[in-house]
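What follows is the residue order along each chain.
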Amino acid sequence: MSYLPFTRPTIDEETIQGVVDVLRSGWITSGPKVKDFEAALSDYFGGRTVRAFSSGTATLEVALQLCGIGPGDEVITTPLSWVATANVILHVGAKPVFVDVDPVTRNIDLTLIESAITPNTKAIIPVDLAGLPVDRDRLYAIAHKHNLRVIEDAAQSMGSTWQGKKIGSFGDLISFSFHANKNMTTGEGGCLVLSSDAQIPLTEKLRLQGVVRSPDGTMEVDIAGGKSNLTDIAARIGLGQLPQVDSFNARRRELVKHYFAQFDRSLGCELPVEEYSNGNWHMFQILLPLDKLTISRGEFIEQMKQREIAAGVHYPPIHLFSLYRSMGFKEGDYPHAERIGNETVTLPLFPTMTFEDVERVCAAIKEIITHSKK
Ligand SMILES: *Cc1c(COP(=O)(O)O)cnc(C)c1O
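Rules behind the numbers
- Going along each chain's sequence as written, the residues are numbered from 1 onward.
- Reporting of local features is limited, given that this is a predicted model, to residues whose pLDDT is at least 70; pairs of side-chain atoms are given and counted only at 80 or more, and all residues count toward the totals for whole chains, interfaces and linings.
- Hydrogens and water molecules were not included; the side-chain quantities draw on all heavy atoms of the structure.
- UniProt positions are given in the numbering used here, feature names are shortened, and annotations may be inferred rather than shown by experiment.
- We call a residue buried when its accessible area falls under 20% of the maximum for its residue type, exposed when it is over 50%, and partly exposed in between, using a 1.4 Å probe and counting protein chains only.
- Every helix listed is a DSSP run of H or I at least four residues long, and every strand listed is a run of E at least two residues long, numbered separately from the N terminus.
- The directions from the helix axis to the C-beta atoms form the arc being described.
- Should any heavy atoms of two residues lie within 4.5 Å, those residues are counted as being in contact.
- Here a polar contact means two N or O atoms within 3.5 Å. Within protein one must be a hydrogen donor candidate and the other an acceptor candidate, and residues neighboring in sequence count only if both atoms are side-chain atoms.
- Residue ranges for the domains trace back to a domain assignment, done automatically or taken from a database.
- Summed over both partners, the accessible area (1.4 Å probe) lost when two parts come together is defined as the buried area.
- Throughout this description, the term salt bridge denotes a Lys or Arg side-chain nitrogen within 4 Å of a carboxyl oxygen of Asp or Glu.

Within an unreviewed UniProt entry, the label attached to the protein chain reads dTDP-4-amino-4,6-dideoxygalactose transaminase, and the organism entered is Sulfurirhabdus autotrophica. UniProt annotates the protein chain under Sequence similarities (unreviewed entry) with the comment "Belongs to the DegT/DnrJ/EryC1 family."

What follows is the structure in structure tokens.
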């Protein structure tokens, strides 16, 4: 039996050949392939203007800078995300304000946002955890009422939809990641969907050292931009991935349907929201009934590993990392995020998995939990 990872990119031969061609072309950093990739992404997002970056983290940070957010400003976000979501707020000198998650969707609880708004609040960064979209209607209603910017951290929701519209095709600023584990990848990379073409010059300056080139070959710099451009090598991978992302996601939905069909619900695990229509199923995460078990989550994961199955943890709540504790956050601040962060396990899910793999995972979980009931 071969080892089953919890995720694995799907890269076809045509894409591999395309990367080889870029390597042979004499131009491997940002160039024609990045432009093609940005145009293809723009088509995917219904014609919105898109710029490619070297990571989703860089994209989020540039989005904050485009909104003029810095010291003295507060940004509302979820404690249950990859730490990048909050780190970028610190990076621009602003203050992260966490709002607990809804225990069912595991996304930021929209009913709690308004009580976290202060005169210093400038923006909300919602995260579509596991690709399940945050309610965009309610989110934007709150943002408009309080005159807040929205930077959608859609790192995990490429191809997800809200009311039939693709995430990224509407809304304020939308950030995606193409990290190797995401539903489509460029190895490392990301993109930002802009709210207006007026943002293009600043976006490009922030992306590459603040440099503006004139047709006569001269250049000018008036801000200290960063360095987060994408390479043509990576863009070529993205050009091979983008036409397939919807079929990758369809395959994920089929596999998840099989998980729901096969999973023994009497084991006491909490399953994700069971709908396979508007999410892209970036991850399939169960919550372990730890209070009824004699083993810890670490031991559970170890026993899965002994059966040649990987399981991940996404995510420990951000506010309990030592950096955030040193800022005053503590246990008990966001009880739902803490409970989910303690109990969550990410099961294998990727397009080239088989139904038999799903059955193997479900059987392993049943065996482990049945043998470790209190
Ligand atoms: C992956 C991810 C990021 C960061 O993307 P990188 O491309 O790894 O920088 C940010 N937020 C969320 C929710 C993510 O899953």
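After that view, the rundown keeps rolling.
Participant: Explanation requested: helix 6 (residues 136-145) in the structure shown.
Facilitator: Helical geometry note: an α-helix holds 3.6 residues per turn, so side chains three or four residues apart project in the same direction. Along helix 6, the residues that are buried comprise R136, L139, Y140, I142 and A143. Buried residues of helix 6 fall within an arc of 155° about the axis and therefore sit on the same side. Exposed side chains of helix 6 directed beyond 90 degrees from the buried face belong to H144 and K145. Of the surrounding secondary structure, the elements contacted by the buried residues of helix 6 are helix 5 (110-113), strand 4 (121-125), strand 5 (149-153) and strand 6 (161-162). Two to three positions downstream of the cap, the backbone nitrogen of D137 sits 3.0 Å from a side-chain oxygen, assigning the N-cap of helix 6 to D135. One or two steps after helix 6, the chain reaches N147, where phi turns positive at roughly 60°.

Participant: Hey, could you run me through the UniProt feature "active site" (unreviewed entry) in the protein chain in this one?
Facilitator: The residues that UniProt annotates with the feature "active site" (unreviewed entry) are K182. Examined against the element boundaries, K182 turns out to sit in the loop between strand 8 (173-177) and strand 9 (190-193). Once residues within four sequence positions are removed from consideration, K182 is found in contact with A155, Q156, S177 and H282.

Participant: Would you take a moment to explain the UniProt feature "modified residue: N6-(pyridoxal phosphate)lysine" (unreviewed entry) in the protein chain for this structure?
Facilitator: Under the UniProt annotation, "modified residue: N6-(pyridoxal phosphate)lysine" (unreviewed entry) lies at K182. Here K182 falls in the buried class, since its relative accessible area comes to 14%.

Participant: I'm lost on unusual backbone geometry in this one. Help?
Facilitator: Peptide bonds are trans in most cases, and residues, glycine excluded, mostly fall at negative phi. Omega for the bond connecting H314 with Y315 falls within 30 degrees of zero, at 15°, which places this linkage in the cis form. Summarising the element assignment, Y315 is placed in the loop between helix 10 (297-306) and helix 11 (322-325). One non-glycine residue with positive phi stands out, namely A130, at about 60°. Locating A130 in the fold gives a position in the loop between strand 4 and helix 6. For A130, a relative accessible area of 13% corresponds to the buried category. A positive phi angle, near 50°, is found at W281, a position not held by glycine. Mapped onto the elements, W281 comes out in the loop between helix 9 (245-262) and strand 12 (284-287). Taking the relative accessible area as the measure of exposure, W281 reaches 7% and is therefore buried.

Participant: Before we go on, may I ask you to explain the domain arrangement of the protein chain in this structure?
Facilitator: When the parts of a complex come together, some accessible area is lost, and that lost area is often used as the size of the interface. Examined at the domain level, the protein chain breaks down into domain 1 (13-243) and domain 2 (245-370). Taking only C-alpha atoms into account, the centre of domain 1 sits 26 Å from that of domain 2. The interface of domain 1 with domain 2 comprises 39 residues on the first partner and 36 residues on the second. Buried surface at the junction of domain 1 and domain 2, summed over both partners, amounts to about 3000 Å²; 58% is from carbon and sulfur atoms. Counting the surface domain 1 buries against domain 2, the share from its top three residues, F98, R106 and N183, is 24%. The interface formed by domain 1 and domain 2 contains one salt bridge. Across the salt bridge formed by K166 and D246, the nearest N and O atoms sit 4.0 Å from each other. At the boundary of domain 1 with domain 2, the tally comes to 19 residue pairs in polar contact (both at pLDDT 80 or more). If you list the elements that add at least two residues to the side of domain 1 that touches domain 2, you get helix 4 (84-91), strand 3 (95-98) and strand 6. Sort the elements by how many residues they give to the side of domain 1 that touches domain 2 and helix 4 lands first, with three residues.

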